[in-house]
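# Descriptive structure summary
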Amino acid sequence: MKLLVATTNPGKRREIAGILESLPVELISLDDLPPIAEPEETGATFAENARLKALYYHRATKLPSVADDSGLEIDALDGAPGVHSARWEGTDYAVKFRKIYERLDAKNARGSTARFLCRVALADDGRIVFEADGVIDGRIADSPKGDKGFGYDPIFYYPPLGRTTAELDRDLKATVSHRGKAFAKLRDYLSSQLR
């Protein structure tokens, strides 16, 4: 079976490939295909955007396509950056981190509780055939730490392990992260379908 992993984010691709590596599935990346324009993410929720992307790439390629939408919700910032995480305050994460700390400091809320959320959708046969969620709860770190993750990982502190998610190796992160949990559910679903 071929499965299109519909992301252009190399960090996500590595994480997903690691989680799905035990399956007898050939993972296809968008980079393996002729260029496909990205869909506009118009959904108001992670679920809507994951479905939109999975169906869009499935229709464009005729391949079973999995897409996710994920982001960081910070309680003291009323859930921001939320569904807009990837594009919130531009694409430079050093700038994003600075803006988050400035806004938290203005509310005297550095260390706010937060969570990463991920919604996965699998499209095949012209429809969504599977969906799953994953969540990891934590708080915003006092300062960015770690270089093993990507995106907001350096500022997301996971109390049970006493580290940011950017300080976790790939295999450990996959067992606790939002994306790891959601894609593990997909792995289990695919495994049951491939028997």
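Provided above is the structure to which this section pertains.
These lines cover the structure that appears in this document, whether it is placed above or below.

## Points about the side chain of aspartate 69
- Tracing the backbone shows aspartate 69 in strand β3 (residues 65–74).
- Overall, the relative accessible area of 5% leaves aspartate 69 in the buried class.
- Side chain to side chain, aspartate 69 and asparagine 49 meet in a polar contact 3.2 Å long.

## What about the packing of helix α1 (residues 10–20) against helix α5 (residues 178–193)?
- Where α1 meets α5, the closest approach of the two axes is 9 Å, and the angle between their N-to-C directions is 45 degrees. Taken together, the axis directions place α1 and α5 in an arrangement best described as oblique. The handedness of the crossing between α1 and α5 comes out as right-handed. Taking contact as the criterion, the partners of Lys12, Glu15, Ile16, Ile19 and Leu20 in α1 are, on α5, Arg179, Gly180, Phe183, Ala184, Leu186 and Arg187.
- Within the contact of α1 with α5, the residues separate by chemical class into six nonpolar, one polar and four charged.

## Description of the packing of aromatic side chains
- In the structure shown here, the tally under the stated rule is six aromatic pairs.
- Summarising the aromatic geometry, the rings of tyrosine 93 and tyrosine 152 are spaced 5.1 Å apart at their centres and angled 85 degrees between planes, so their arrangement reads as edge-to-face. One end of the pair, tyrosine 93, is in helix α3 (residues 93–106); the other, tyrosine 152, is in the loop between β5 (127–140) and β6 (156–158), and 59 residues separate them in sequence.
- Judged by relative accessible area, tyrosine 152 falls into the buried class, the value being 4%.
- These aromatic residues form a ring-pair network of at least three members: Tyr93, Phe97 and Tyr152.
- The ring of tyrosine 93 carries lysine 96 above its face, with NZ or CZ at 4.8 Å from the centroid.
- The ring of tyrosine 157 carries the charged tip of arginine 139 above its face, separated from the ring centre by 4.4 Å.

## Focus on the layout of surface pockets
- Estimated volume of the largest pocket: approximately 580 Å³.
- If you go around the largest pocket, you meet 31 residues; those closest to its centre are Thr7, Asn9, Lys12, Ala86 and Tyr93.
- Broken down by secondary-structure element, the contributors of at least two residues to the lining of the largest pocket are α1, α2 (46–61), β3 and α5.
- A total of four residues in the lining of the largest pocket trace back to one element, the largest contributor, which is β3.
- Classifying every residue of the lining of the largest pocket by side-chain character gives 10 nonpolar, 10 polar and 11 charged.

## Some remarks on the pairing of strand β2 (residues 26–29)
- When strand β1 (residues 2–5) meets β2, the two strands line up parallel, connected through four bridges. Bridging from a neighbouring strand, valine 5 pairs with serine 29 of β2.
- Handedness of the crossover joining β1 and β2 through α1 is recorded here as right-handed.

## A closer look at the sheet that holds β6
- If you walk across this open sheet you meet the seven strands as β2-β1-β3-β4-β5-β6-β7, and the pairing is mixed. The sheet is open, and its two borders are formed by β2 and β7 (163–164), each paired with just one other strand.
- Where β3 lies against strand β4 (residues 113–124), 10 bridges are found, and the strand directions are antiparallel. Within the sheet, the bridge partner assigned to alanine 67 lies in β4 and is alanine 121.

## Brief notes about the nonpolar core
- By size, the foremost hydrophobic cluster in this structure holds 21 residues, and its most contacted members are Leu72, Ile74, Ile100, Leu104, Ile140, Tyr152 and Ile155.
- Elements represented by at least two residues in this core include exactly β3, α3, β4, β5 and β6.
- For this core, the leading source of residues is α3, giving four residues.
- When residues no more than four places from it in sequence are discounted, the contact partners of isoleucine 74 are Gly79, Ala80, Pro81, Ile100, Leu104, Ser112, Thr113, Ala114 and Ile140.
- Counting residues in each nonpolar core, the second largest holds 17 residues, with Cys118, Phe130, Phe183 and Leu186 among its members.

Parameters and conventions
- Residues numbered from 1 in each chain as written.
- Predicted model: local features only at pLDDT ≥ 70, side-chain atom pairs only at ≥ 80, totals over all residues.
- Heavy atoms only, no water.
- Helix = DSSP H or I, 4+ residues; strand = E, 2+ residues; numbered from the N terminus.
- Buried < 20%, exposed > 50% of the residue type's maximum accessible area, 1.4 Å probe, protein only.
- Polar contact = N/O pair within 3.5 Å; in protein donor to acceptor, adjacent residues only side chain to side chain.
- Axes fitted to C-alpha atoms, helices over the stretch in contact; angles between N-to-C directions.
- Parallel < 35°, antiparallel > 145°, perpendicular 65-115°, else oblique.
- Left-handed = near helix turned anticlockwise from the far one by under 90°.
- Contact = heavy atoms within 4.5 Å.
- Nonpolar A, V, L, I, M, F, W, Y, C, P; charged D, E, K, R; others polar.
- Phe/Tyr/Trp six-rings, centres within 6.5 Å; stacked < 30°, edge-to-face > 60°.
- Lys NZ or Arg CZ within 6 Å of the ring centre and 35° of its normal.
- 1 Å grid on protein atoms, 1.4 Å probe; cavity = no way out; pocket = protein on both sides within 12 Å on 5 of 7 lines; lining within 4 Å.
- Points joined across faces, edges and corners; volume = space filled by probe spheres on them.
- Pairing = 2+ DSSP bridges.
- Right-handed = clockwise from strand over helix to strand, strands pointing away.
- Core = buried A, V, L, I, M, F, W, Y, C linked by side-chain atoms within 4.5 Å.

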